[in-house]
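Inside the fold
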Amino acid sequence: MAFPGPIARLIEELNRLPGVGPKSAQRLAFHLLGRPAEEARRLAEAILAARERVRRCEVCCDWTDAPVCRVCSDPRRDATKICVVESPKDVAALERTGRYDGLYHVLHGAISPLSGVGPGDVTIGRLLERLRAGGVQELILATDPDVDGEATALYLKDVVAPLGVRVTRLARGLPEGGDLDFADELTIARALEGRREL
Amino acid sequence: MAERRLLSRLYLRDFRSYPRLELAFAPGLNAFVGPNGAGKTNLLEAIHYLCLGSSFRAARDAEAVAWGADGFFVKGRLRDEAGDLDVEVAFRPGHGKVVRVGGRSLGSTAELYGTLPCVSFRPEDLEWAKGPPAARRLWLDRLLVQTSASYRAELLAFREALAERNALLVRNRHEKAARALLVAWREAYLERAAALAAERARALAEIGRRAAEELGALTGESLALAVVSGGEAVVPAAGEASAWRERYAAQLEAVAEEELVRGHTLAGPHRDDILALLDGRDARRYASQGQQRSLVAALKLAEVGHIEARLGRLPCLLLDDVFSELDGSRRARLGEAAMTRAQTFLTAADDRLLPEVAGARVFDVRPGAAQARDG
Ligand SMILES: Nc1ncnc2c1ncn2[C@@H]1O[C@H](COP(=O)(O)OP(=O)(O)OP(=O)(O)O)[C@@H](O)[C@H]1O
Ligand SMILES: [Mg+2]
Ligand SMILES: [Zn+2]
């Protein structure tokens, strides 16, 4: 059965979202249509506002609504440490622990030859600039413990070596194949404390 | 006493030669009897789908779709102490395969493994000792994914690392990759390769001990299983990941140039072989027909023992024609050790080839239909 044009279009757009299959897309579309028009407008505006105002932090590449994000511009943060993560979700997960006082660097992905993601497609170049600018003593690699994340960490270790920065890796012990944003706060805090020289 | 999980019913829709079929099984022996081409093996294949989500003979699911149909559906009702559990496998070319357990769709077929463990024994298995290495690797993989969640995880991670590294090697042929990138992927690959090989070696040691016991009882011969890696036999007890890492690193070093040319990873668990030593001699070269048969019977019994020990539950047995190929003692031992305890599905061309087991249910099979005898 084909839906009228505008509904079909809404379902199609929702279906593009990660984790939303055709059935969920339909459910969400019908839900939105069943609510007051005002609600739909608020949602649409929130999406637009976020999309237009949010950009990458000039320093760490995390999402921010200012040129430099809140963590990077906080003078109390320890600027001698940078923790490298794959995505902004991981920053949020580490921040929730309240046990990390250094800075971050968001790669926006991991190296994967199979998906055509090379070192130039993530923010490694920007990270190297930050390290060359000096002042950083420890680079904590917190990429995911999966195959791509491990390889990305190993690659970083190699290209950073000439810069004389201490490189550590989060301790294992995260859930099987688990990403940072799935782990509970205690587990992440332990992984952080148990980090080792790579 | 091991718990049992039985396949109590099977329902097929457009699977191979069956447009539609429903069967109720006995807890012990179920025999499919009929002439060549009647569709006996098709039934075992359907049951294999319920166990591993895939065929034991076709590489592509599409081959199992009844000619002219747009997909197949296999459903089994499992029964154990806890009650009934339905397993469903639905496939449509172009739409992929959906596996459901208890009404819930699984994220991947791997989640099905172990739900209804099985040991299959088919005519090809008689070639175990002399067949290609890939068949022996597949034999071990199919067993271990059913009994070990960590093996499943390691196998998936290894395959991913292998695919990534191969992709890098291929790209590198067109556009030289940075040295650091090649190093990083070699290290990441070695990590997964070593972890998988170590786990595989430990499991093989255990299965080897069981098989040796079985073969000793059958023929009095001694048996040892080993992994052959880089042309060198490795005692499986050497289940240390660090040792495997060193071994594969050395092998990669030796083939480094060739890999860059071929764009393919040339050392790792996917290139290793499994070796059986009968009274100290390589079965690939020296085993007679009869010795090969005894060896396979011993391996099958070892699989049953391994599954029972690991899962606390007996597997079902899928015996395709081979039972009639075994003689006296091998047959008796398989029969008594397994069939009288585990639920068994076997095929035979006619009644004279059936083992005598009380409570057996015989199904007459003809193209497109199968019917239980006596009701
Ligand atoms: N996709 C399919 N659609 C319809 N029929 C099929 C399909 N694949 C196979 N068949 C039929 O199934 C028959 C083979 O069935 P099967 O292998 O189960 O026979 P069998 O009873 O085990 O025979 P044998 O005793 O020779 O081993 C073939 O002769 C073919 O006609
Ligand atoms: Mg057959
Ligand atoms: Zn920032």
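No experiment lies behind these values; they were computed from the predicted model shown.

**Details of the overall build of chain B**
Along its length, chain B carries nine helices and 16 strands. In terms of overall dimensions, chain B is globule-like: its C-alpha atoms have a radius of gyration of 22 Å, near the 21 Å expected for 375 residues. The dimensions of chain B, computed from C-alpha atoms along their principal axes, are 70 × 50 × 40 Å. The long-range fraction of contacts in chain B, counting pairs at least 24 apart against all pairs at least 6 apart in sequence, stands at 69%. Of the roughly 16,300 Å² of accessible surface on chain B, a fraction of 49% belongs to carbon and sulfur atoms.

**Some details on the domain arrangement of chain A**
Domain annotation for chain A reports domain 1 (5-53) and domain 2 (77-172). Here the C-alpha centroids of domain 1 of chain A and domain 2 of chain A sit 34 Å apart.

**A look at the packing of aromatic side chains**
Residue and element names in this part refer to chain B. Scanning the model with the defined rule gives 15 aromatic pairs over all chains in all. Between Trp-244 and Tyr-248 the ring centres are 5.5 Å apart and the planes differ by 35°, which places this aromatic pair in the tilted class. Linking Trp-244 with Tyr-248, this pair stays in helix α5 (residues 241-262), spanning four residues, or about one helical turn. Both residues of the pair, Trp-244 and Tyr-248, count as buried. In textbook terms, an aromatic cluster arises when at least three aromatic residues are bridged by ring pairs, as seen for Phe-15, Tyr-49, Phe-72 and Phe-91. Taking NZ or CZ as reference, Arg-136 lies 5.9 Å from the ring centre of Trp-128, over its face.

**A closer look at the nonpolar core**
Residue and element names in this part refer to chain B. Leu-43 and Trp-128 are the most contacted members of the largest nonpolar core, which has 154 residues in total. Take this core: its biggest share by element is 18 residues, from helix α4 (residues 179-219). Leave out the neighbours within four places in its chain, and Trp-128 touches Arg-136, Trp-139, Leu-225, Ile-274, Ala-276, Leu-295, Val-296 and Leu-299.

**Focus on the site of ligand 1**
All names here are of chain B. Residues in contact with ligand 1 amount to 16 residues; listed here are only the nearest, Gly-37, Lys-40, Thr-41, Asn-42 and Val-65. Taking Gly-37, its main chain carries an N or O atom lying 2.8 Å from an oxygen atom of ligand 1. A distance of 3.3 Å is found between an oxygen atom of ligand 1 and a side-chain nitrogen or oxygen belonging to Arg-57. For ligand 1, whose free accessible area comes to 650 Å², the fraction covered by protein is 75%. Considered class by class, the residues forming the shell around ligand 1 number five nonpolar, six polar and five charged.

**Digging into the interface of chain B and chain A**
Interfaces are frequently sized by the accessible area removed from exposure as the parts join. With 19 residues of chain B at the contact, the number on the chain A side is 18 residues. Interface area, chain B with chain A, both sides summed: about 1,400 Å², of which 66% is carbon and sulfur. If you sort the residues of chain B by the area they bury against chain A, Glu164(B), Trp185(B) and Arg192(B) come out on top, with a joint share of 31%. For the pair chain B and chain A, the interface holds one salt bridge. Put simply, Arg179(B) and Asp158(A) hold a salt bridge, and the shortest N to O gap is 2.8 Å. Linking chain B to chain A there are five residue pairs in polar contact (both at pLDDT 80 or more).

**A closer look at the pattern of salt bridges**
All names here are of chain B. Here the structure, examined in full by the defined rule, presents 44 salt bridges over all chains. The partner of Arg-100 in a salt bridge is Glu-88, with the nearest N and O atoms 3.6 Å apart. One end of the pair, Arg-100, is in strand β6 (residues 96-101); the other, Glu-88, is in strand β5 (residues 83-92), and twelve residues separate them in sequence. Assessed through its relative accessible area of 24%, Arg-100 is described here as partly exposed. Of the residues examined, Glu-88 reaches a relative accessible area of 13% and is grouped as buried. The salt bridge partner of Arg-245 is Glu-191, with a shortest N-O separation of 3.1 Å. Of this pair, Arg-245 sits in helix α5 while Glu-191 sits in helix α4, and the two are 54 residues apart along the sequence. Under the relative-accessibility criterion, Arg-245 is labelled partly exposed at 24%.

**Focus on the coordination of the zinc ion (ligand 3)**
Residues and elements named next belong to chain A. Within the protein, the atoms that donate to the zinc ion (ligand 3) are Cys-57 (SG), Cys-60 (SG), Cys-69 (SG) and Cys-72 (SG), at distances of 2.2 to 2.4 Å. Around the zinc ion (ligand 3), the four donor atoms sit at angles spanning 103 to 114°, and that spread fits a shape best called tetrahedral. Summarised as a motif, the one-chain spacing of the donors to the zinc ion (ligand 3) is C-x2-C-x8-C-x2-C. Like Cys-72, Cys-69 is buried.

**Points about the packing of helix α5 (residues 124-132) of chain A against helix α6 (residues 147-160) of chain A**
Residues and elements named next belong to chain A. Contact geometry of α5 with α6 gives a least axis separation of 12 Å together with a crossing angle of 40°. Considered as vectors, α5 and α6 are oriented oblique to each other. For the element pair α5 and α6, the recorded crossing hand is right-handed. Mapping the contact onto sequence places Ile-124, Leu-127, Leu-128 and Leu-131 in α5 and Tyr-155, Leu-156, Val-159 and Val-160 in α6. Partitioning the contact of α5 with α6 into residue classes produces eight nonpolar, no polar and no charged.

**A short note on the packing of helix α2 (residues 133-147) of chain B against helix α3 (residues 149-174) of chain B**
Residue and element names in this part refer to chain B. Contact geometry of α2 with α3 gives a least axis separation of 5 Å together with a crossing angle of 125°. With respect to α3, the axis of α2 lies oblique. Between α2 and α3 lies a crossing whose hand is left-handed. Contacts between α2 and α3 pair Asp-141, Leu-144, Val-145, Gln-146 and Thr-147 from the former with Ala-149, Tyr-151, Arg-152, Leu-155 and Arg-159 from the latter.

**Focus on the confidence of the model for chain A**
Per-residue confidence for chain A gives a mean pLDDT of 91; residues scoring 70 or more make up 94%. Across chain A, element-level confidence peaks in strand β4 (residues 102-106) of chain A with a mean pLDDT of 98 and bottoms out in helix α7 (residues 185-193) of chain A with 81.

**Focus: the environment of Arg77(A)**
Residue and element names in this part refer to chain A. Following the sequence through the fold, Arg-77 ends up in the loop between β2 (63-64) and β3 (78-85). Looking at Arg-77, the relative accessible area reads 15%, which means it is buried. When the C-alpha atoms of Arg-77 and Asp-62 are compared, they prove to be 16 Å apart, with 15 residues separating the residues in sequence.

**Notes on the state of the cysteines**
Scanning the model with the defined rule gives zero disulfides over all chains in all. Here Cys83(A) stays free of any disulfide, with the sulfur of Cys60(A) as its closest cysteine sulfur at 11 Å. On the basis of relative accessibility, which here comes to 0%, the residue Cys83(A) falls in the buried class. For Cys51(B), which is in no disulfide, the shortest distance to another cysteine sulfur is to Cys118(B) and amounts to 3.9 Å. Among the residues examined, Cys51(B) registers a relative accessible area of 0% and is labelled buried.

Rules of the game
- Residues numbered from 1 in each chain as written.
- Chains lettered and ligands numbered in written order.
- Predicted model: local features only at pLDDT ≥ 70, side-chain atom pairs only at ≥ 80, totals over all residues.
- Heavy atoms only, no water.
- Helix = DSSP H or I, 4+ residues; strand = E, 2+ residues; numbered from the N terminus.
- Rg over C-alpha atoms; globule rule 2.2 N^0.38 Å.
- Contact = heavy atoms within 4.5 Å.
- Areas by Shrake-Rupley, 256 points an atom, 1.4 Å probe, with all protein chains shown as cover.
- Domains from an automatic or database assignment.
- Phe/Tyr/Trp six-rings, centres within 6.5 Å; stacked < 30°, edge-to-face > 60°.
- Buried < 20%, exposed > 50% of the residue type's maximum accessible area, 1.4 Å probe, protein only.
- Lys NZ or Arg CZ within 6 Å of the ring centre and 35° of its normal.
- Core = buried A, V, L, I, M, F, W, Y, C linked by side-chain atoms within 4.5 Å.
- Near = heavy atom within 4 Å.
- Polar contact = N/O pair within 3.5 Å; in protein donor to acceptor, adjacent residues only side chain to side chain.
- Nonpolar A, V, L, I, M, F, W, Y, C, P; charged D, E, K, R; others polar.
- Buried area = accessible area lost by both parts, 1.4 Å probe.
- Salt bridge = Lys/Arg side-chain N within 4 Å of Asp/Glu carboxyl O.
- Donors = N, O, S within 2.8 Å, 3.2 Å for Na, K, Ca; no water.
- Tetrahedral: all angles 85-135°; square planar, octahedral: opposite > 155°, others 65-115°.
- Axes fitted to C-alpha atoms, helices over the stretch in contact; angles between N-to-C directions.
- Parallel < 35°, antiparallel > 145°, perpendicular 65-115°, else oblique.
- Left-handed = near helix turned anticlockwise from the far one by under 90°.
- pLDDT = per-residue confidence, 0-100.
- Disulfide = S-S within 2.5 Å.

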